Amino acid sequence: MTPTRTAWLVVLLLCPVALLNYLDRQMLAAMKFSVMGDIPTIGTEANWGRMLGQFKWVYAFLSPVGGYLADRYSRRTVICGSLFVWSAVTWATGHVTTYDGLLVTRSLMGISEAFYIPAALALIADYHLGRTRSRAVGMHQMAIYCGVIVGGFSGYVADSPGLGWRWAFGACGLFGMLYALPLTLLLRDAPGRAAAADAPGRSVVQSARELLTNGSFVLLVLYFTLPALAAWVVRDWMPAILKQQFGISQGLAGVSATLYWQAAAIVGALVGGFLADRWMLRSERGRIFTSAIGVSLIVPAIAGVGHSGTLVVAVAFLVLFGLGWGFFDCNNMPILCQVVRHDLRATGYGIMNMVSISCGGVADWGFGALRDARVPLDVIFGLFSAAAVFSVVLVLLLRPRREVAGPLGAGQTEAPRGDNAP
């Protein structure tokens, strides 16, 4: 098989994993009312937000650890192990009967899923040179959006007398555990990764110091975090918001809150990935500019959702949000590849996840507390919109390194540019 075909095969093998990664998360948001009705000890909106945040805080804390292991050892092993464990936890979630039990399973889910995304995106970047990197990452992220879409329909599954929310978690968990076996047999680390793993590596402290003293990396972490605050609330709370605001069923709310904006995100990832890869042929800031365009679309979208008076208007603004998110999401790892060395990509993305998702957990909890306090939606979403405005300024301050073509393998790097080279 040619290197090009192998590179795209890696993406195809990872797409079902990415879909499950977010399906297992999104189902809980779409089936909120069924879960709360079945587990009365959850009690309040703030407790529900705390449970959502629990997953994120555990996930966030361990993301740099997962990234470091993926940089230091086999990305393939980290990916396959993560898939099997989180699928087992997904299955177990369908059997909990108390709020404390739900907190435990969500914590275990955070531990296991933390190892996947940094390793997967770093593996894709290992195989794909600069000229296809945004499109390859975009295809992987499209699978995530499909997972959110499928998860949105789980509200109908929860409402079905013959199925229910517990059946949905059990079925997804079993499928993930079964898929881990062929993935282990077919997925391979990029050429040169074995040699890199055997070579003396940096310690966790050395890796963190090198990243955190890189000014462009710090700016990228902040840029990665601010728009994601709104995205976490949209993912986790929008089904409940639409149900309560417009008096629709749980199933329709779950679909309306996920299908349209995630479908728009697929379009955004396709267009944004293609535009970024083409723009990079003319400018080393092509991916930065493409990503900034995406966040510029997110700003009015978030503000508009908070002011929507009808379901149709709310969905229209969610579609605009999805387009912008696709542009933004498919370029984060490619931009990271321009500001850090190849052997720090997974660790760097893990740190980005740690900061972003920690703040996302606070946003989930805070949103629930603000809703309990009856703060208007337009005020809450106005704050998220302002944060996205500030992030556009941050990304334009990045100083990328020039990408150069080179042989596939762990030794590939980008030529340093100015003082930004770590």
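*Asks:* Looking at this model, I keep getting lost on the overall build of the protein chain. Mind explaining?
*Replies:* Counting secondary structure elements, the protein chain contains 18 helices and zero strands. Relative to the compact-globule value of 22 Å for 422 residues, the protein chain shows a C-alpha radius of gyration of 20 Å, a close match. By its C-alpha atoms, the protein chain is 55 × 45 × 40 Å across when sized along the principal axes. Looking at the 422 residues of the protein chain, the share that counts as buried comes to 59%. Taking all contacts inside the protein chain whose residues are at least 6 apart in sequence as the whole, residues at least 24 apart take part in 83%. When the accessible surface of the protein chain is summed, it comes to about 15300 Å², and 70% of that surface belongs to carbon and sulfur atoms. Of note, the protein chain has its 31 positive side-chain charges centred 6 Å away from the centre of its 22 negative side-chain charges.

*Asks:* Even after reading the chapter, I still don't get empty space enclosed by the protein, so can you show me in this structure?
*Replies:* Over the atoms rolls a probe the size of a water molecule, and in doing so it shows where empty space is left. In the structure shown here, the tally under the stated rule is four cavities of 30 Å³ or more. Its volume calculated, the largest cavity comes out at about 210 Å³. For the largest cavity, the lining is made up of 19 residues, of which Tyr22, Phe224, Asp329, Tyr349 and Asn353 are closest to its centre. Here the lining of the largest cavity takes five residues from helix α12 (residues 215-246), the largest share from any one element. Here the lining of the largest cavity is composed, by residue class, of twelve nonpolar, four polar and three charged. Volume-wise, the second largest cavity comes out at about 50 Å³. Every residue along the wall of the second largest cavity is listed here: Arg25, Leu52, Phe55, Lys56, Arg106, Trp232 and Asp236. Elements with a contribution of two residues or more to the lining of the second largest cavity: α3 (45-72) and α12. Here the lining of the second largest cavity takes three residues from α3, the largest share from any one element. Along the lines of polarity and charge, the residues of the lining of the second largest cavity split into three nonpolar, no polar and four charged.

*Asks:* Please clarify how α3 should be interpreted in this entry.
*Replies:* Residues spaced three or four apart along an α-helix point in a common direction, a consequence of the helix completing one turn every 3.6 residues. With 28 residues, α3 extends 41 Å from end C-alpha to end C-alpha; this agrees with the ideal 40 Å at 1.5 Å per step. Along its length, α3 shows its largest kink, about 35°, at Leu62, and proline Pro64 lies within four residues downstream of that point. Between a side-chain oxygen at the N-terminus of α3 and the backbone nitrogen of Asn47 the separation is 3.1 Å; the capping residue is Thr44.

*Asks:* Looking at this structure, how should I read the side chain of Ser154?
*Replies:* Tracing the backbone through its elements, the reader meets Ser154 in helix α8 (residues 154-159). Here the side chain of Ser154 touches Gly151 through a polar contact of 2.4 Å, landing on its backbone oxygen.

*Asks:* Quick question: what am I supposed to make of unusual backbone geometry here?
*Replies:* Leaving glycine out, the prevailing phi sign among residues is negative, and the prevailing peptide bond configuration is trans. One non-glycine residue with positive phi stands out, namely Arg374, at about 65°. Looking at the element boundaries, Arg374 is found in the loop between α17 (345-372) and α18 (377-396).

*Asks:* For this particular structure, what's the right way to read the packing of aromatic side chains?
*Replies:* By convention here, two paired aromatic rings are described through the distance between centres and the angle between planes. By the definition in use, this model includes 14 aromatic pairs. Ring centres of Phe224 and Phe328 lie 6.4 Å apart, and the angle between their planes is 25°; on these two criteria the pair is classed as stacked. With Phe224 in helix α12 and Phe328 in helix α15 (residues 311-329), the pair connects residues that are 104 residues apart, well separated along the chain. The aromatic ring of Tyr73 is capped on one face by Arg72, whose charged end is 5.4 Å from the ring centroid.

*Asks:* Can you help me understand the confidence of the model for the protein chain in this one?
*Replies:* Regions with low pLDDT carry predicted coordinates that are not meant to be interpreted in detail. Overall, the prediction assigns the protein chain a mean pLDDT of 84, with 92% of residues at 70 or greater. The element-level mean pLDDT for the protein chain is lowest in helix α10 (residues 193-198), coming to 51, with α15 highest at 93. Scored below 50 in pLDDT, residues 403-422 shows 58 contacts in the model against residues more than four places distant or in partner chains.

The rules we used
Residues numbered from 1 in each chain as written. Predicted model: local features only at pLDDT ≥ 70, side-chain atom pairs only at ≥ 80, totals over all residues. Heavy atoms only, no water. Helix = DSSP H or I, 4+ residues; strand = E, 2+ residues; numbered from the N terminus. Rg over C-alpha atoms; globule rule 2.2 N^0.38 Å. Buried < 20%, exposed > 50% of the residue type's maximum accessible area, 1.4 Å probe, protein only. Contact = heavy atoms within 4.5 Å. Areas by Shrake-Rupley, 256 points an atom, 1.4 Å probe, with all protein chains shown as cover. Lys, Arg positive; Asp, Glu negative; His and termini not counted. Charge placed at Lys NZ, Arg CZ, Asp CG, Glu CD. 1 Å grid on protein atoms, 1.4 Å probe; cavity = no way out; pocket = protein on both sides within 12 Å on 5 of 7 lines; lining within 4 Å. Points joined across faces, edges and corners; volume = space filled by probe spheres on them. Nonpolar A, V, L, I, M, F, W, Y, C, P; charged D, E, K, R; others polar. Expected span 1.5 Å × (residues − 1). Bend = angle between axes of the 7 residues up to and from the residue. Polar contact = N/O pair within 3.5 Å; in protein donor to acceptor, adjacent residues only side chain to side chain. Phe/Tyr/Trp six-rings, centres within 6.5 Å; stacked < 30°, edge-to-face > 60°. Lys NZ or Arg CZ within 6 Å of the ring centre and 35° of its normal. pLDDT = per-residue confidence, 0-100.

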